[in-house]
Amino acid sequence: MRIRDARPEDAAAIAAIYNDAVVHTTAVWNDDPVDVAEREAWAADRQATGLPVLVAVDDLDQAIGYASYGPWRPHDGYRHTVEHSVYVRGDQRGGGIGRALMEVLLARARKAGVHVMVAGIEAANTGSIALHERLGFAEVGRLPQVGAKFGRWLDLVFLQLTLDDAPAPGGGIPSSPRQENA
Ligand SMILES: CC(C)(COP(=O)(O)OP(=O)(O)OC[C@H]1O[C@@H](n2cnc3c(N)ncnc32)[C@H](O)[C@@H]1OP(=O)(O)O)[C@@H](O)C(=O)NCCC(=O)NCCS
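As the structure is a prediction and not an experimental result, all values here were calculated from the model. Along each chain, numbering runs from 1 in the same order as the chain's sequence is written. With pLDDT at 70 or above as the cut-off, local features in this predicted model cover only qualifying residues; side-chain atom pairs require 80 or more to be listed or tallied, and sums for whole chains, interfaces and linings still use all residues. Side-chain figures throughout are based on the complete set of non-hydrogen atoms in the structure, without hydrogens or water.

1. Quick look at the nonpolar core
Residues enter a nonpolar core if they are buried and are Ala, Val, Leu, Ile, Met, Phe, Trp, Tyr or Cys, with the set joined through side-chain atoms within 4.5 Å. The rule is simple: take the accessible area with a 1.4 Å probe, protein chains only, and divide by the maximum for that residue type; under 20% is buried, over 50% is exposed, in between is partly exposed. The biggest cluster of nonpolar side chains holds 27 residues, and the ones touching the most others in it are Tyr69, Leu101, Met102, Leu105, Leu106, Met117 and Phe137. Among the secondary structure elements, those contributing two or more residues to this core are β2 (53-57), β3 (63-71), β4 (81-88), α3 (97-111), β5 (116-122), α4 (126-134) and β7 (152-162). Secondary structure elements follow DSSP: runs of H or I no shorter than four residues count as helices, runs of E no shorter than two count as strands, and numbering proceeds from the N terminus. At six residues, the largest contribution of residues to this core is made by α3. Formed by 16 residues, the second largest nonpolar core is a distinct cluster that contains Ala6, Val53, Val55 and Ala63.

2. Points about the site of the ligand
Consider each residue's heavy atoms; a residue with any of them within 4 Å of a molecule or strand counts as near. Looking at the ligand, there are 18 residues lining it, with Val88, Gly96, Gly98, Arg99 and Asn125 nearest. Distance and chemistry together define a polar contact, namely a pair of N or O atoms within 3.5 Å, with one atom able to donate a hydrogen and the other to accept it when in protein, and with adjacent residues in sequence counting only for side-chain atoms on both sides. Arg134 places a side-chain nitrogen or oxygen 2.9 Å from an oxygen atom of the ligand. Counting only elements with at least two residues in the shell around the ligand, the list comes to β4, α3 and α4. Sorting elements by how many residues they give to the shell around the ligand places α4 first, with five residues. Among the residues making up the shell around the ligand, the classes are represented as eight nonpolar, seven polar and three charged. Under this grouping Gly is polar, as are all residues other than the nonpolar Ala, Val, Leu, Ile, Met, Phe, Trp, Tyr, Cys and Pro and the charged Asp, Glu, Lys and Arg.

3. Considering the UniProt feature "domain: N-acetyltransferase" (unreviewed entry) in the protein chain
Per the UniProt annotation, the sites labelled "domain: N-acetyltransferase" (unreviewed entry) are residues 1-164. Between the C-alpha atoms that bound residues 1-164 there is a distance of 29 Å. The span itself is 31% helix and 34% strand. UniProt positions are given in the numbering used here, feature names are shortened, and annotations may be inferred rather than shown by experiment.

4. Focus on the environment of Ala63
Among the structural elements, Ala63 can be located in strand β3. Taking the C-alpha atoms as reference, Ala63 lies 33 Å from Leu143; in sequence the two are 80 residues apart. A contact between two residues is defined here by any heavy atoms of the two lying within 4.5 Å. Leaving out residues up to four positions away in the same chain, Ala63 has contacts with Asp10, Ala13, Ile17, Val55, Ala56, Val57 and Arg89.

5. Here's the deal with the packing of helix α1 (residues 11-24) against helix α2 (residues 36-48)
Think of each axis as a best-fit line through the C-alpha atoms, taken over the contacting stretch in the case of a helix, with angles from 0 to 180 degrees between the N-to-C directions. Here α1 crosses α2 at 105°, and the two axes come no closer than 8 Å. One way to sum up the angle between α1 and α2 is to call them roughly perpendicular. Facing α1, whose interface residues are Ala11, Ala12, Ile14, Ala15 and Tyr18, α2 presents Val36, Arg39, Glu40 and Trp42. Of the residues assigned to the contact of α1 with α2, the class counts are seven nonpolar, no polar and two charged. Angular relationships are summarised with four words: roughly parallel below 35 degrees, roughly antiparallel beyond 145, roughly perpendicular across 65 to 115, and oblique for the angles in between.

6. What about the layout of surface pockets?
Think of a 1 Å grid over just the protein atoms. A cavity is a set of points where a 1.4 Å probe fits yet cannot get out, a pocket is an open set with protein on both sides within 12 Å along at least five of seven lines, and lining residues have an atom within 4 Å of a point. Grid points are joined across faces, edges and corners, and a volume is the space filled by probe spheres set on the points. Estimated volume of the largest pocket: approximately 1,100 Å³. Together, 42 residues line the largest pocket, and Ala27, Ser85, Val86, Tyr87 and Ser128 are the ones closest to its centre. Elements that contribute at least two residues to the lining of the largest pocket include exactly α1, α2, β3, β4, α3, β5, α4 and β7. Top contributing element to the lining of the largest pocket by residue count: β4, with six residues. Here the second largest pocket defines a volume of roughly 170 Å³. Around the second largest pocket sit 14 residues that line it, and Pro71, Arg79, His80, Thr81 and Val82 are the ones nearest its centre. For the lining of the second largest pocket, the secondary-structure elements that each account for two or more residues are β3 and β4. A total of three residues in the lining of the second largest pocket trace back to one element, the largest contributor, which is β3. Residues that form the lining of the second largest pocket fall into these classes: eight nonpolar, four polar and two charged.

In structure tokens form, the structure reads like this:
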């Protein structure tokens, strides 16, 4: 098994892994499977802006897992924080692939100067919580019943890993503050 950047031809395998999680798990809180073109466009959009989309591949160069990160929230002040996802094909779990993907993803994030990585995980997903805790992520928040799937409420657990001890960046505040509340 090795890890490399995703290519357009990986989209079918990525879609199959993603759709299996959509249909069978609470790892992703979407109800409908996507087509290959959607995953290809998703990966291309991310990579075009310098965001990593990694795949773990087997000896035949078939993707058996993938991991990526993107913006956590769409506001300027969150630009140093990302949220990631990691998925391993059902028949390949428990063999170290998730950890290997995360280790490369974390290295990429550090190289890119990301300050904080956030994982939002369904509270009953003990495998994913265990993986993240092994990597040094710590629980920082728990939101009861913010999701619903398979006829039940889902609790969301946030775990985070602070990647560096960089001082807070300056700037970003307008020199003449808006007067919205005046
Ligand atoms: C969560 C997931 C990515 C983990 O990947 P994986 O390849 O199965 O995990 P690994 O074999 O690399 O295990 C990594 C560590 O987590 C631990 N771990 C993984 N699954 C576990 C489980 N079900 N219970 C307890 N510990 C577990 C392992 O013991 C291992 O610890 P170690 O490295 O110290 O030995 C994978 O199970 C998966 O794709 N699940 C479905 C989708 C999903 O939940 N994605 C995450 C959404 S937030």
